[in-house]
Amino acid sequence: MRMSINVLAVGKKINHRANARYIVLGLLLLLVMSVKAQFDPQIGQYMYLPAAYNPATVGEGDLLKVAGLHRMQWTGIEGAPMSTYFTFGSPFEIGKTKHGAGVRFLNDRYGLWTNQTFHIQYAYRQKLGKGTLSVGLDLGFINVSFHGDSVNLSDLGESEYHTPGDEAIPMGEATGMSFDMGAGLYYRTSRWYVGASYSHILQPAVELTTQTATVPNTLHVRGTMYVHGGYKIRLRNRDFVLIPSALLQTDFRSWDVDVSLMTEYLEKYRWGLSYRVLGGVGILLGVEIFNGFDLGYTYELPTSKLMVESFGSHEIYLSYSLDILRPKRTNQYKSVRFL
């Protein structure tokens, strides 16, 4: 779904000579037929917000963490995606066992569509070898809206592809909600980490309802698998650390891979480069403002033909972390980021 909707949203902007009937036809196909492609948005700073796609990472370590991320994709193009993530996670102990719990929220808008998701997350942790193995689950809801009140077909007239007042096109807002769940695994040591998760396990079917359209519209959300990992490389100058990482995202029909190389200095300042196979190249910057507060920024430049129409993508990340399991050591704070 992700790529199909994005193409629809920017089609008129990219190709000024496109016939409007093809745009209408594409809209009809998206509404009347089942939409089957990747549902979740892209994020550039995936390594700092793993709870957005893997519930096994919620409340990792000893840190309570509140984080938010806002992404403006393909700025300069009308209807381009805009996504906001919010996550909250905290570790806790029951006897000698360790756990994590939290919530995540997503508001994702692109073209005439808005997706909102809310999930409760839980993770169980067990010491294994030199690291810790986590098993996680999240449960929640997907709410999808189509803003039909923004559709303007008055200038298209009547053709073999379209007639004014077509009942298949909602002229008001069409909305639908469905139950959703995901699961994940995560293993972390002092030097490296690896994780795998699967979102939308039940592949929910969201029935879009409206008072104006009589043709049933169903949005089928396909399950998405994520595989992510990273490694810490300590240089001779111990003040500097290199951290390569990667994220694979696939619904087994389409796929995308993000790779990045970050440099950290004194566990406070960071900078690096990223590359998305189907997206573009990016610059990542970050700083620990003061103990517990972390700020990150990403600028991505498309590598496709979108480059001539877009000013690139911008992403802001902000988080606050607090050591709640070892409060006596908060004055000896260490970086909230991985490793």
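### Brief notes about the overall build of the protein chain
Here comes step 1: Within the protein chain one finds two helices and 17 strands.
Here comes step 2: A total of 339 residues make up the protein chain; the buried ones form 47% of that total.
Here comes step 3: For the protein chain, restricting intrachain contacts to residue pairs at least 6 apart in sequence, the fraction spanning at least 24 positions comes to 60%.

### Here we look at the packing of aromatic side chains
Here comes step 1: Within the structure shown, the criterion is met by eleven aromatic pairs.
Here comes step 2: Three or more aromatic residues joined by ring pairs make a cluster, and in this case those are F240, Y265 and Y269.
Here comes step 3: The lysine or arginine in question, R270, covers the ring of Y48, its NZ or CZ lying 4.3 Å from the ring centre.

### Overview of the side chain of E300
Here comes step 1: Considering the arrangement of structural elements, one finds E300 in strand 16 (residues 293-302).
Here comes step 2: Within polar-contact distance, the side chain of E300 engages the side chain of R276 at 2.8 Å.
Here comes step 3: In this structure, E300 is in contact with G44, R71, R276, V281, G282, G312 and S313, ignoring residues within four places of it in sequence.

### Thoughts on the environment of H200
Here comes step 1: Relative to the helices and strands, H200 is located in the loop between strand 7 (192-199) and strand 8 (205-208).
Here comes step 2: Measuring from C-alpha to C-alpha, the distance between H200 and D180 comes to 5.7 Å, with 20 residues separating the pair along the chain.
Here comes step 3: Among residues more than four places away in sequence, those in contact with H200 are F39, D40, I142, D180, M181, V221, R222, G223 and T224.

### Regarding the nonpolar core
Here comes step 1: Judged by nonpolar contacts, the single largest core of 19 residues is most densely connected at I43, L49, Y53 and Y85.
Here comes step 2: Setting aside chain neighbours within four positions, we find Y85 in contact with P41, I43, L49, A52, A67, G68, L69, F105 and L106.

### So, the environment of L202
Here comes step 1: Topologically, L202 is positioned in the loop between strand 7 and strand 8.
Here comes step 2: Owing to a relative accessible area of 48%, L202 belongs among the partly exposed residues under this scheme.
Here comes step 3: When neighbours within four sequence positions are excluded, L202 is seen to be in contact with F179 and M181.

### Considering the pairing of strand 10 (residues 224-231)
Here comes step 1: Summarising the sheet, strand 7 and strand 10 pair through eight bridges and their orientation is antiparallel. Across the sheet, V194 pairs through a bridge with G229, a residue of strand 10.
Here comes step 2: Sheet analysis places strand 10 next to strand 12 (residues 240-250), joined by six bridges and oriented antiparallel. Its bridge partner lying in strand 12, G230 is registered against S245.

### What to know about the pattern of salt bridges
Here comes step 1: If you walk through the whole model with that rule in mind, you get nine salt bridges.
Here comes step 2: Across the pair D138 and R104 runs a salt bridge, and its minimum N-O distance is 3.0 Å. Taken as a pair, D138 in strand 5 (residues 131-147) and R104 in strand 3 (residues 97-110) lie far apart in primary sequence, 34 residues in all. The residues D138 and R104 share a single accessibility class, namely buried.

### What to know about the pairing of strand 5
Here comes step 1: Relative to strand 5, strand 4 (residues 113-128) runs antiparallel, the two being bridged by 16 bridges. Its bridge partner being in strand 5, A123 is matched across the sheet by G136.
Here comes step 2: Between strand 4 and strand 5, which follow one another and run antiparallel, lie two residues, and G129 among them has a positive phi close to 65°.
Here comes step 3: Across 16 bridges, strand 5 lies against strand 6 (residues 173-188) in antiparallel orientation. What sits directly across from H147, in strand 6, is E173.

About the thresholds
- Throughout this document, residue positions are counted from 1 along each chain, in the order its sequence is written.
- Reporting in this predicted model follows two pLDDT cut-offs: at least 70 for local features of residues, and 80 or more for side-chain atom pairs to be given and counted; totals over whole chains, interfaces and linings ignore these cut-offs and use all residues.
- Note that the side-chain values use all heavy atoms of the structure and ignore hydrogens as well as water.
- A run of DSSP states H or I qualifies as a helix once it reaches four residues; a run of E qualifies as a strand once it reaches two. Both are numbered from the N-terminal end.
- Each residue is assigned to one of three classes by its accessible area relative to the maximum for its type, calculated with a 1.4 Å probe on protein chains only: buried under 20%, partly exposed between the two thresholds, exposed over 50%.
- Note on contacts: a residue pair qualifies if any of its non-hydrogen atoms lie within 4.5 Å across the two residues.
- In summary, the pairing rule links any two rings of Phe, Tyr or Trp, Trp by its six-membered ring, whose centres are within 6.5 Å, and it sorts them by plane angle into stacked for under 30 degrees, edge-to-face for over 60 and tilted for everything else.
- By the criterion adopted, a ring carries a charge over it if an Arg CZ or a Lys NZ lies within 6 Å of its centre and within 35 degrees of its normal.
- The term polar contact refers here to a pair of N or O atoms within 3.5 Å; inside protein, the definition further demands a hydrogen-donor-capable atom paired with an acceptor-capable atom, and it admits residues adjacent in sequence only when both atoms are side-chain atoms.
- Side-chain atoms within 4.5 Å link the members of a nonpolar core, which is a set of buried Ala, Val, Leu, Ile, Met, Phe, Trp, Tyr and Cys residues.
- Only strands joined by at least two bridges in the DSSP assignment are considered to pair.
- Any carboxyl oxygen of Asp or Glu within 4 Å of a side-chain nitrogen of Lys or Arg constitutes a salt bridge here.

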